[in-house]
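Single-letter residue listing:
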Amino acid sequence: MEYFDVIIVGGGLAGLTAALHLEQYGHAVLVCEKQQYPHHKVCGEYVSAEVVPYLKKLGISLDTTNTVSIDTLQLSTVSGKSIKGKLPLGGKGISRYALDNLLYEAALERNIPFVFGNVTAIQFADDLFQVRTASGDTFSAKMVIGAYGKRSNLDKHLDRPFFRKKSRWLGIKAHYAYQDFPDNLVALHTFEGGYGGLSRTETGAVNFCYLVSYSSFRRENDVHRFNENVVAKNPFLGAFLEDAEPLFKEPLAIAQVSFEKKETVKEHVIMCGDTAGLIHPLCGNGMAMAIHSAKLASEQIHLYLTDSTFDRGIMEKRYTALWKNNFGYRLWMGRQLQSLLINRELSHIALGLATRSPRLLRYLIKQTHGKPIL
Ligand SMILES: Cc1cc2nc3c(=O)[nH]c(=O)nc-3n(C[C@H](O)[C@H](O)[C@H](O)COP(=O)(O)OP(=O)(O)OC[C@H]3O[C@@H](n4cnc5c(N)ncnc54)[C@H](O)[C@@H]3O)c2cc1C
């Protein structure tokens, strides 16, 4: 059985970041990912600029990939009342197809090994982990990072309480050819039961990604009919869907998007990114949090692997506290803002207030974002 210092389960943004960071420290890591690269993912594809300095330290430049610089946010209510404001830090428009692959290729250059397959079991005994894939391969390691995203068979296997709760959210995304959209804008438009973001990506395509409650979607039960009969009622989205040309054969969809609280450490597995907790997409901060949490985890794991006085219990407690300090308030604020935005009356009042006070809008954006990660 092959032995590693750290096995990372899931090679999305959190997993790939942790792999690059731990490799820089000189640790032997293995990444287990169930899908080959590159691949599309349901995501708004607006990444906060707070990740730029840290990614640079890992040797990743977002400027080499035709990323789009975004500095303005537009918000609109169901009826089309809208405001625009500057994003204090701004961000980049880049598809997950390109971004995850950029990190993957950097990992390959550094000879980080990958195993492609679904991880079905993680077991901890005698201070050692065993990780098994669906094809029966087994690997062992001193540490395991769980970076397998929002929801996976592993959450059931690890008996995580959030997995038993039904989630009422669905995510849908597709790319479109559409000239009439400013490069520097990320637009967040609401509709009955949900909201969606529009922003340009490195290919020139506009990404349209939305989150919708089942109760609203169920009435149509088909993406095309839902777009036509519900989403398009927002005048901005109506104009977009009328003129934009779909570039995907069919939109991508993910079910059971859960915003429930999750454990940051479970059965000694250190959870990163969405596996530790998902922020509401309207904040545009999930990718930055995934990358940042991987940094925090890598630093604590490095201490554990190199300092004999820093035992597993201390490491787990420190990581849990760091995670809470860095992301706890942001997640709470995201929940409050989402409830406000999808309530027809309240969102109208809130947008009215924000129109009169751009400082209020800037303040709210700041509450859901972090500072540049150094
Ligand atoms: C509708 C929607 C819109 C969003 N828009 C934005 C946005 O505009 N900006 C932003 O910053 N964030 C956004 N987010 C959040 C963002 O997409 C996530 O926070 C981010 O993808 C988290 O990265 P991750 O690495 O934790 O998970 P992921 O990127 O999901 O990676 C997890 C990886 O684990 C793999 N995996 C899963 N199970 C297994 C297994 N058993 N074995 C092996 N591999 C496995 C998967 O294949 C995947 O590659 C949005 C989220 C949603 C739902």
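You'll find the structure just up there.
Keep in mind that this is a model prediction, so the values were computed, not measured.

Caption draft 1: Spotlight on a positive patch on the surface. On the surface, Arg359, Arg362, Lys366 and Lys371 cluster together to form a positively charged patch. Secondary-structure assignment places Lys366 in helix α11 (residues 358-368). For Lys366, a relative accessible area of 56% puts it in the exposed group.

Caption draft 2: Fine view of the nonpolar core. With 94 residues, the main nonpolar core has Ile7, Ile8, Val9, Ile122 and Ile145 as its most contacted residues. No other element matches the ten residues that helix α8 (residues 286-306) contributes to this core. Not counting residues up to four positions away in its chain, the partners in contact with Ile7 are Leu30, Cys32, Val131, Phe139, Ser140, Ala141, Met143, Val144 and Ile145. Ranked by size, the runner-up nonpolar core spans 23 residues in total, among them Tyr176, Phe191, Val206 and Val223.

Caption draft 3: How the structure looks around the site of the ligand. For the ligand, the set of nearby residues contains 34 residues, the closest of which are Glu33, Gly44, Tyr46, Arg96 and Asp274. Within the side chain of Lys41, a nitrogen or oxygen atom sits 3.1 Å from an oxygen atom of the ligand. Listing elements by their share of the shell around the ligand, those giving two or more residues are α1 (13-25), β2 (29-33), α4 (153-157) and α8. With three residues, the top contributor of residues to the shell around the ligand is α8. Of the residues contributing to the shell around the ligand, the split by class is 14 nonpolar, 14 polar and six charged.

Caption draft 4: Fine view of the environment of Thr72. Mapped onto the fold, Thr72 is located in strand β4 (residues 68-76). Note on Thr72: relative accessible area 10%, which makes it buried. Sequence-wise, Thr72 and Phe240 are 168 residues apart; in three dimensions their C-alpha atoms are separated by 18 Å. Excluding its chain neighbours within four sequence positions, the residues that come into contact with Thr72 are Lys84, Gly85, Lys86, Leu87, Asn184, Leu185 and Val186. Within the local environment of Thr72, its side chain forms a polar contact with the side chain of Asp71, the two groups lying 2.8 Å apart. In terms of polar contacts, Thr72 uses its side chain to reach the side chain of Lys86, at 3.3 Å.

Caption draft 5: Inspection of the pattern of salt bridges at higher detail. Under the defined criterion, the tally for this structure stands at 15 salt bridges. Its salt-bridge partner being Asp159, residue Arg164 comes within 3.0 Å of it at the nearest N-O pair. Overlapping salt bridges bring together Lys41, Arg96 and Asp100 as one network.

Caption draft 6: Inspection of a nonpolar patch on the surface at higher detail. A cluster of nonpolar side chains, Tyr329, Trp332, Leu346, Ile349, Leu353, Leu360 and Tyr363, forms an exposed patch at the surface whose accessible area comes to about 690 Å². Breaking the nonpolar patch down by element, the ones donating at least two residues are α9 (312-341), α10 (344-356) and α11. A per-element tally of the nonpolar patch places α10 first, with three residues. Relative to the elements of secondary structure, Leu353 occurs in helix α10. For Leu353, a relative accessible area of 45% puts it in the partly exposed group.

Caption draft 7: The packing of α9 against α11, seen in detail. Put simply, α9 and α11 touch, their axes get as near as 8 Å, and they point 130 degrees apart. By the angle class used here, α9 and α11 are oblique. Within the contact between the two elements, α9 uses Tyr329, Arg330, Met333, Gly334 and Leu337 and α11 uses Tyr363, Leu364, Gln367 and Thr368. Residues belonging to the contact of α9 with α11 are distributed by class as follows: five nonpolar, three polar and one charged.

What counts, and at which threshold
Residues numbered from 1 in each chain as written. Predicted model: local features only at pLDDT ≥ 70, side-chain atom pairs only at ≥ 80, totals over all residues. Heavy atoms only, no water. Patch = residues over 30% accessible without salt bridge, like charges linked within 9 Å, V, L, I, M, F, W, Y side chains within 5 Å. Areas by Shrake-Rupley, 256 points an atom, 1.4 Å probe, with all protein chains shown as cover. Salt bridge = Lys/Arg side-chain N within 4 Å of Asp/Glu carboxyl O. Lys, Arg positive; Asp, Glu negative; His and termini not counted. Charge placed at Lys NZ, Arg CZ, Asp CG, Glu CD. Helix = DSSP H or I, 4+ residues; strand = E, 2+ residues; numbered from the N terminus. Buried < 20%, exposed > 50% of the residue type's maximum accessible area, 1.4 Å probe, protein only. Core = buried A, V, L, I, M, F, W, Y, C linked by side-chain atoms within 4.5 Å. Contact = heavy atoms within 4.5 Å. Near = heavy atom within 4 Å. Polar contact = N/O pair within 3.5 Å; in protein donor to acceptor, adjacent residues only side chain to side chain. Nonpolar A, V, L, I, M, F, W, Y, C, P; charged D, E, K, R; others polar. Axes fitted to C-alpha atoms, helices over the stretch in contact; angles between N-to-C directions. Parallel < 35°, antiparallel > 145°, perpendicular 65-115°, else oblique.

Keep in mind these numbers describe shape, not what the thing actually does.
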